[in-house]
Amino acid sequence: MSPSPPYAPLAGALAALVLVAFVASVRIGYATIDVGGALADLLAGRTSLGALVLMELRLPRAIIGALVGFSLGLAGAAMQGLLRNPLADAGVIGVSGAAAFGAVMAFYSGLSASFGLALPTGGILGAGVAVALLYALAGRGSATMTLILAGVAISSLAGALTALALNLSPNPYAATEVMFWLMGSLADRSMTHVQFAAPLLIAGWLMILVCGPALDALSLGEDTATSLGFHMARVRLLLIVGTALAVGPAVAVTGAIGFVGLVVPHLLRPLVGGRPGRLLLVSGLGGAALVLAADIAVRVVGVRPELKLGVVTALIGAPFFLLLLWRLRREA
Amino acid sequence: MAERFLAFVLAAACLGLWCGSAAAAAPARVVSINLCTDELLVQLADPAQVASVSWLSAASAGSNVADRVMDVPQNHGFAEEVVAARPDLVLAGRYTARAAVSVLRRIGVPVVDADAPGTLDQVKAEIRRVADAIGHGDRGDAMIAELERRMSRPTPVRTPKLRAAVLRPNGFTAGPGSLSDELMRRAGLVNVAAELKLDTYGQLPLETIILAGVDLLIVDGDRAGPPAIATEVLSHPILAKLGDRVRVVKIPPRLWTCYGPSIADAYDILVDAAGSAP
């Protein structure tokens, strides 16, 4: 294995990248605002138009982008560690799709209008069922083929159920909203979304991050990990629940943004010496940077109506996925 | 092959059974497959002439004639339903249910395509066209005269004019070339969307509308629809925080989605808003 750069500087560099992307996301919008002036107004308690746009539109958009990106990157790395398979991404294997279906049920039934937490809860339930199902079908390092096929089945089913639920809802915009749930967008989200998603997402992150050492041990095999003192049943439960908590609320707020958890861990894996535990935090940071960058892209390319975020990540991610499959095939 | 056979059978059925009566001056059975022509048909025709209207005009939210079409058979713009209603004339919109219209034309059913008017003159022309087609030109003239009377009310003189933007679900707005734009300008308002280089009905991000400096935000009146991502933009917290900087004017979409006499009601709301304090 080639020597990898030291861990702390790598994480620091990625954190700096996230910060740069965050600031850029706040500065770059459809209209020009004087961000400095708006910030000064905000701190002085003056509600100028600039301050309002900054506080109510730009900041929530960037915060949600960073939170969701971190969640998807982290969840990708976690599932790849758990399933010991480099192709396990929430989007590819149907976890995001199932989360979207859960959120759709909560949203269009009107439940989330009277009880705000219903929306992320729906997402968590959908994601949780999918992860558990995948683990039952394709866990413990079974063949890549089984995992991908199980993912295809779950994705298709969740997508079909989402479209069906929308068609049955008395909603004149159903056709366009299927796109939102399947492709994802950060357009005109608000601080309310940040408030109800953030605590759940962070809880999910913590559950995943504490499993880092166990994932490192698991890469040596389940027996070895157990002999090293890790309680594998507990680790599995933490990772499954943690992934559901990280993916569910994220998808409930932005729809399913694909491939983030595939591309980012794969690019970073060589840089952490292939250690799945160390891959977790850096994948989260990389995911945040990628989603923020993609969201800047959909606003500057000038395609109106705005491209869905998942279009951009799929344009990057899908060819990448094919390349990855190609390499796996040659190795086999 | 099968398709050609089907077309032949349909054409034969058409010739033998009922298409012959289509040439008569006042069609006895008229089917409308478009919300806007539904409205004109119900308001201008004899009740006995109305063979079927689209389901949209029975769904109360978007329709001005929901209570008058309760007993009228509904269609969903499918050619099969229309043929089954045995129409002498079909009223359609130029941009809706095109597949059905092309089938109907192919089998010889007369179809009138109503346009989507962008000016008041075009509105009058569409009313006249539909009225003539169903054999009630006189009622069309009366409808137009009443519309002209209501649209000629004096508008407020105010400098500078108030700046307004329409905000619809999904961030859609009414740009130049739309009927909404014409009504806003006639009412003495500046349509901000026209400055933002939009097409007739374009989508605008919320921040663009807010930073363009609007005095009046014109939103859909009846908000209590089923939950939709599309309508979330209308309840975004930033709109509440704009406070008294921006006044929200509610116009139920059914008043000016179509080009019937109800646009005068929308116009009244606009004129009142244009003359009020900012």
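Residues numbered from 1 in each chain as written. Chains lettered and ligands numbered in written order. Predicted model: local features only at pLDDT ≥ 70, side-chain atom pairs only at ≥ 80, totals over all residues. Heavy atoms only, no water.

Where do I start with the overall build of chain A in this structure?
A tally of regular secondary structure across chain A gives 15 helices and 0 strands. The C-alpha atoms of chain A give a radius of gyration of 20 Å, which matches the 20 Å a tight globule of 332 residues would have. Its C-alpha atoms give chain A principal-axis dimensions of about 60 × 50 × 35 Å. The burial tally for chain A puts 55% of its 332 residues in the buried class. The long-range share in chain A, meaning contacts at least 24 apart out of those at least 6 apart in sequence, stands at 80%. With the model as given, the accessible surface of chain A reaches about 13600 Å², and the carbon-plus-sulfur share is 72%. The average position of the 18 basic charges and that of the 12 acidic charges among the side chains of chain A differ by 6 Å. (Helix = DSSP H or I, 4+ residues; strand = E, 2+ residues; numbered from the N terminus. Rg over C-alpha atoms; globule rule 2.2 N^0.38 Å. Buried < 20%, exposed > 50% of the residue type's maximum accessible area, 1.4 Å probe, protein only. Contact = heavy atoms within 4.5 Å. Areas by Shrake-Rupley, 256 points an atom, 1.4 Å probe, with all protein chains shown as cover. Lys, Arg positive; Asp, Glu negative; His and termini not counted. Charge placed at Lys NZ, Arg CZ, Asp CG, Glu CD.)

Teacher, can you tell me more about a nonpolar patch on the surface here?
Residues A:Met145, A:Leu149 and A:Val152 make up a contiguous nonpolar surface patch of about 300 Å² in total accessible area. Within the secondary structure layout, A:Met145 lies in helix α7 (residues 144-168). (Patch = residues over 30% accessible without salt bridge, like charges linked within 9 Å, V, L, I, M, F, W, Y side chains within 5 Å. Salt bridge = Lys/Arg side-chain N within 4 Å of Asp/Glu carboxyl O.)

Is there a simple way to explain the UniProt feature "transmembrane region" (unreviewed entry) in chain A in this structure?
Residue and element names in this part refer to chain A. UniProt annotation of "transmembrane region" (unreviewed entry) refers to residues 64-83, 90-111, 117-138, 145-166, 196-215, 235-268, 280-301 and 307-326 when read in the numbering used here. Secondary structure across residues 90-111 divides into 68% helix and 0% strand, with the first and last C-alpha atoms of the span separated by 25 Å. Annotated as 90% helix and 0% strand, the span residues 196-215 places its first and last C-alpha atoms 29 Å apart. (UniProt positions renumbered as here; feature names shortened; annotations may be inferred.)

Help me understand the sheet that holds strand β8 (residues 189-191) of chain B, please; the structure alone is not making it clear to me.
Residues and elements named next belong to chain B. Within the open sheet, the 4 strands sit side by side as β8-β6-β10-β11. Their pairing is parallel. Edge positions in the sheet fall to β8 and β11 (247-251), since each has one partner strand and no second. Direction aside, the axes of adjacent strands within the sheet are offset by 35 degrees on average. Of the strand pairs in this sheet, strand β6 (residues 162-167) and β8 are connected by 3 bridges, and their pairing is parallel. Each residue of the ladder has a partner; that of Leu 162, found in β8, is Leu 189. (Pairing = 2+ DSSP bridges. Axes fitted to C-alpha atoms, helices over the stretch in contact; angles between N-to-C directions.)

Explain the environment of B:Gly140 here, please?
All names here are of chain B. By the element assignment, Gly 140 lies in helix α6 (residues 137-151). Residue Gly 140 is classed as buried on the basis of its relative accessible area of 1%. Separated by 115 residues in the primary sequence, Gly 140 and Leu 255 place their C-alpha atoms 19 Å from one another. With residues up to four places along the chain from it excluded, the contact list for Gly 140 reads Leu 44, Ile 127 and Ala 131.

Please explain unusual backbone geometry as it appears in this structure.
Glycine aside, negative phi is the norm for most residues, and most peptide bonds take the trans geometry. For the peptide bond that leads from B:Thr159 to B:Pro160, omega is -10 degrees, which places it in the cis range. Looking at where B:Pro160 falls in the secondary structure, it is placed in the loop between α6 and β6. Non-glycine residue A:Arg84 carries a positive phi angle of around 50 degrees. Looking at the secondary structure, you find A:Arg84 in the loop between α3 (49-82) and α4 (95-108).

So what exactly am I meant to see when it comes to the side chain of B:Asp38 here?
Tracing the chain through its elements places B:Asp38 in helix α2 (residues 35-44). The residues touching B:Asp38, leaving out its near neighbours within four places in the chain, are B:Ser32, B:Ile33, B:Val53, B:Ser54 and B:Ser57.

I keep staring at the pairing of strand β5 (residues 111-114) of chain B and nothing clicks. Help me out?
Regular strands have side chains that alternate between both faces of the sheet. Residues and elements named next belong to chain B. On β5, burial covers both faces: Val 111 and Asp 113 on one face and Val 112 and Ala 114 on the other are all buried. In terms of strand pairing, strand β4 (residues 89-93) meets β5 through 4 bridges, oriented parallel. For Leu 91, the partnering residue across the bridge sits in β5 and is Val 112. Each parallel crossover has a hand, and for β4 linked through helix α4 (residues 98-106) to β5 it is right-handed. (Right-handed = clockwise from strand over helix to strand, strands pointing away.)

For this particular structure, what's the right way to read the interface of chain B and chain A?
Reports often express the size of an interface as the amount of accessible area lost when the parts come together. Counting residues at the interface gives 23 residues for chain B and 32 residues for chain A. Run the count over chain B and chain A and you get 3 salt bridges. A:Arg58 is the partner of B:Glu207 in a salt bridge, and the nearest nitrogen-oxygen pair spans 2.7 Å. The interface formed by chain B and chain A contains 8 residue pairs in polar contact (both at pLDDT 80 or more). Residue contributions to the side of chain B that touches chain A peak at 5 residues, all from helix α9 (residues 206-211) of chain B. Of the residues contributing to the side of chain B that touches chain A, the split by class is 14 nonpolar, 5 polar and 4 charged. (Polar contact = N/O pair within 3.5 Å; in protein donor to acceptor, adjacent residues only side chain to side chain. Nonpolar A, V, L, I, M, F, W, Y, C, P; charged D, E, K, R; others polar.)

Even after reading the chapter, I still don't get the state of the cysteines, so can you show me in this structure?
A covalent bond between the sulfur atoms of two cysteines is what we call a disulfide. Residue and element names in this part refer to chain B. Per the counting criterion, the structure on display carries 1 disulfide over all chains. The disulfide partner of Cys 36 is Cys 258, and the S-S distance across this bridge is 1.9 Å. Linking Cys 36 and Cys 258, the disulfide has an S-S dihedral of approximately -80 degrees and is accordingly described as left-handed. Of the two residues, Cys 36 sits in helix α2 while Cys 258 sits in the loop between α12 (253-256) and α13 (263-275), which places them 222 residues apart along the sequence. Of the two residues, Cys 36 and Cys 258, both sit in the buried class. (Disulfide = S-S within 2.5 Å.)

Got a minute to help me understand the side chain of B:Asp113 in this structure?
Residues and elements named next belong to chain B. Along the chain, Asp 113 turns up in strand β5. Only 3.0 Å separates the side chain of Asp 113 from the side chain of Arg 98, close enough to count as a polar contact. Looking at Asp 113, its side chain comes within polar contact range of the side chain of Arg 105, at 3.2 Å. Beyond its immediate chain neighbours, meaning those up to four positions away, Asp 113 contacts Ala 92, Gly 93, Arg 94, Arg 98, Val 101, Arg 105 and Arg 129.

How should the domain arrangement of chain B be read in this particular structure?
Residues and elements named next belong to chain B. Partitioning chain B into structural domains gives domain 1 (30-151) and domain 2 (163-275). At the interface, 23 residues of domain 1 touch 19 residues of domain 2. It is Asn 64, Arg 150 and Met 151 in domain 1 that bury the most area against domain 2; as a group they hold 33% of the surface buried on that side. Counting across the interface, domain 1 meets domain 2 through 6 residue pairs in polar contact (both at pLDDT 80 or more). With 6 residues, α2 is the single largest residue contributor to the side of domain 1 that touches domain 2. Tallied by class, residues from the side of domain 1 that touches domain 2 come to 12 nonpolar, 7 polar and 4 charged. (Domains from an automatic or database assignment. Buried area = accessible area lost by both parts, 1.4 Å probe.)

Quick question: what am I supposed to make of the nonpolar core here?
Nonpolar side chains tend to gather and get buried jointly when the protein is soluble and globular. With 129 residues, the main nonpolar core has A:Ile93, A:Val95, A:Trp181 and B:Leu217 as its most contacted residues. Top element by residues in this core is α3(A). It accounts for 18 residues. Counting residues in each nonpolar core, the second largest holds 53 residues, with B:Val42, B:Val50, B:Val112 and B:Ala131 among its members. (Core = buried A, V, L, I, M, F, W, Y, C linked by side-chain atoms within 4.5 Å.)

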